[in-house]
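# Topology and contacts: notes
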Amino acid sequence: MDQTSTAFTTPHATTADSATTTAARAVETRGIEPVPAHERHGRVRELFPTWVAANISVLLLTMGAGLVVFNRLSLWQVLLVAGCAATVSFGMVGVLSVSGKWGGAPGAMLSRATFGVRGNYFPGAVLWVARFGWETINAVTGAYALLTILDLLFGVRQNNLLVVVTLVGFVATTFLVSGMGRAVLNVCNRWSTYVFGAFSVLVLGYLIVDTDWGSVFDRPTGSTAMVIAGIGTIAAGGISWVPTGPDFTRYLPHAASGGKIVGATVSGAALVFVPMVLMGAVMAVATPDLASAADPVSFLGDVLPTWLAVPYLITALVGMLLINSLSMYSAGFTAQTMGVKLPRALAVSVNAVISLVGGLLLMLVAKSFYGSFITFLTLLAVSFSAWIGVYAVDMFRRRALAVRYDARGLMDTGRSSRYWYVGGFCWQAMVAWGLALTAGLCFTKVDWFTGPLATSWIGRNGLGWAATILIAAVSFALLPRPREGAGAAPHGATGDGQKLNPVG
């Protein structure tokens, strides 16, 4: 039993201090290899603070403001958009996370069973590149939060040197936290949930007292097309977490309830997701230029008093650090499955460097943060959706047929692997994925790219991501069912001798 298992064998700790101390000592050393059953001591309730922390971002305020300023939606429509986006996107995260407790491995690793040992490199590369972008956006937002705090407290104005220093500091701290592993992240997530929740209640109370609610509720309703498009835009952030969902359930025992996994994921995300988007919408009524500000954070200094803005920004800064730490934690697994011959903690450093370079370009060169952010979200949703459609069909087939994930087959990258298929490729999965990704791009319109189907009803309503999932799933389901290689254990058994529960 290694250090990883130590981090998850503390269910009898009775105080926060003992849990913190134990977790802090446990630096996770396990990489992409599946977790054996005797080391799975995680609990479903740990997922709740994980997905709360994954959404502690002031970017949700900016996105909520965008629904009012650009989509011209009313407050009730914003509430509908936020609720639907949280349920749809994190519902998919929760459902596909169940595969993590089945196979005990990260999503990028289990994906080998779907696409083949070599075929997995292609969607893996797309997901890896997309994650670079997400980490860069969060790093930039965290740096802007720190710059705003310095301005509010000390009157220190932003300059190029300070931009570099704050961004380097944020990325370096993120790298250190993500390198510690799942146990440390669990502790940080739990405490950040408490603190951020408390300050969010204070901000909400201030807005209730200070806001001209007549102006808020008198806004006319927007079009149905803008509501649908808004759901797609807001849901994109959640969709980006779907392939990494299994990373956070791989330490759960086989007996863990699939329904509870989905419930903890959706409720944890929605607890922060919906109120943050709504608060952004309310703030935008009083500050219409919020959504088009040069950066996504400084507006808080205008909307809130300093005594509230500073601690709120500090807690949000910690939240964004945790979001990037969770992302980099998973990115290390993706790097390893791509053939990077480094321990997970060192593999994370690749993402850290890229986030730093990309962040500098966005902060010092790009002219519009919001425009770059929405463009990124649009492309992000499409790139992840193609993977989601194929992986989901493969996962549900395994459930229906009680076909296990084979631990040895996942780790074997040679011809003897159960997931070698044809030349290392599952051609059915690759065809469905490639077709869906191409179709999704055809429905896409961003600042610098317009697909040939972008003016269709699907394109105009921002449903390219949904079409991508559907095309991928239907294509893969209709193609002949792939046949896994020989030499594995019988159907219905996992790599460690446990039965695969076909109902959850």
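Cut-offs and rules
Residues numbered from 1 in each chain as written. Predicted model: local features only at pLDDT ≥ 70, side-chain atom pairs only at ≥ 80, totals over all residues. Heavy atoms only, no water. Helix = DSSP H or I, 4+ residues; strand = E, 2+ residues; numbered from the N terminus. Buried < 20%, exposed > 50% of the residue type's maximum accessible area, 1.4 Å probe, protein only. Contact = heavy atoms within 4.5 Å. Axes fitted to C-alpha atoms, helices over the stretch in contact; angles between N-to-C directions. Parallel < 35°, antiparallel > 145°, perpendicular 65-115°, else oblique. Left-handed = near helix turned anticlockwise from the far one by under 90°. Salt bridge = Lys/Arg side-chain N within 4 Å of Asp/Glu carboxyl O. Phe/Tyr/Trp six-rings, centres within 6.5 Å; stacked < 30°, edge-to-face > 60°. Lys NZ or Arg CZ within 6 Å of the ring centre and 35° of its normal.

## Looking at the environment of Ala-86
Position of Ala-86 among the secondary structure elements: in helix α5 (residues 75–103). Assessed through its relative accessible area of 1%, Ala-86 is described here as buried. The sequence separation of Ala-86 and Ile-239 amounts to 153 residues, and the corresponding C-alpha distance is 9.6 Å. Discounting residues that sit within four places of it in the chain, Ala-86 has contacts with Gly-91, Ala-270, Phe-273 and Val-274.

## Quick word on the packing of α5 against helix α12 (residues 258–286)
It is the contact of α5 with α12, at a shortest axis distance of 7 Å, that shows an interaxial angle of 150°. In this view, α5 runs roughly antiparallel relative to α12, as classed from their interaxial angle. As α5 runs across α12, the sense of the crossing is right-handed.

## Digging into the pattern of salt bridges
One pass over the full model with this rule turns up five salt bridges. Between Arg-157 and Asp-151 there is a salt bridge; the shortest N-O distance is 3.1 Å. Residue classification places Arg-157 among the exposed residues on the basis of a relative accessible area of 61%. A salt bridge links Glu-484 to Arg-418, with the shortest nitrogen-to-oxygen separation between them at 2.5 Å. Residue Glu-484 is found in the segment after α20 (464–478), and its partner Arg-418 is found in the loop between α17 (407–411) and α18 (427–442); the two are separated by 66 residues along the sequence. Here Arg-418 falls in the buried class, since its relative accessible area comes to 5%. Members of the salt-bridge network, linked through shared partners, are Asp-394, Arg-398, Arg-418 and Glu-484.

## Comments concerning the packing of aromatic side chains
One pass over the structure, following the stated rule, counts 13 aromatic pairs. Taken together, Trp-51, Phe-90, Trp-241, Phe-248 and Phe-273 form an aromatic cluster joined through their ring pairs. The ring of Phe-476 is capped by Arg-397, whose NZ or CZ atom sits 4.8 Å from the centre of that ring. Positioned above the aromatic ring of Tyr-405, the side-chain terminus of Arg-398 is 4.7 Å from the ring centre.

By themselves, these figures tell us nothing about what the structure is for.
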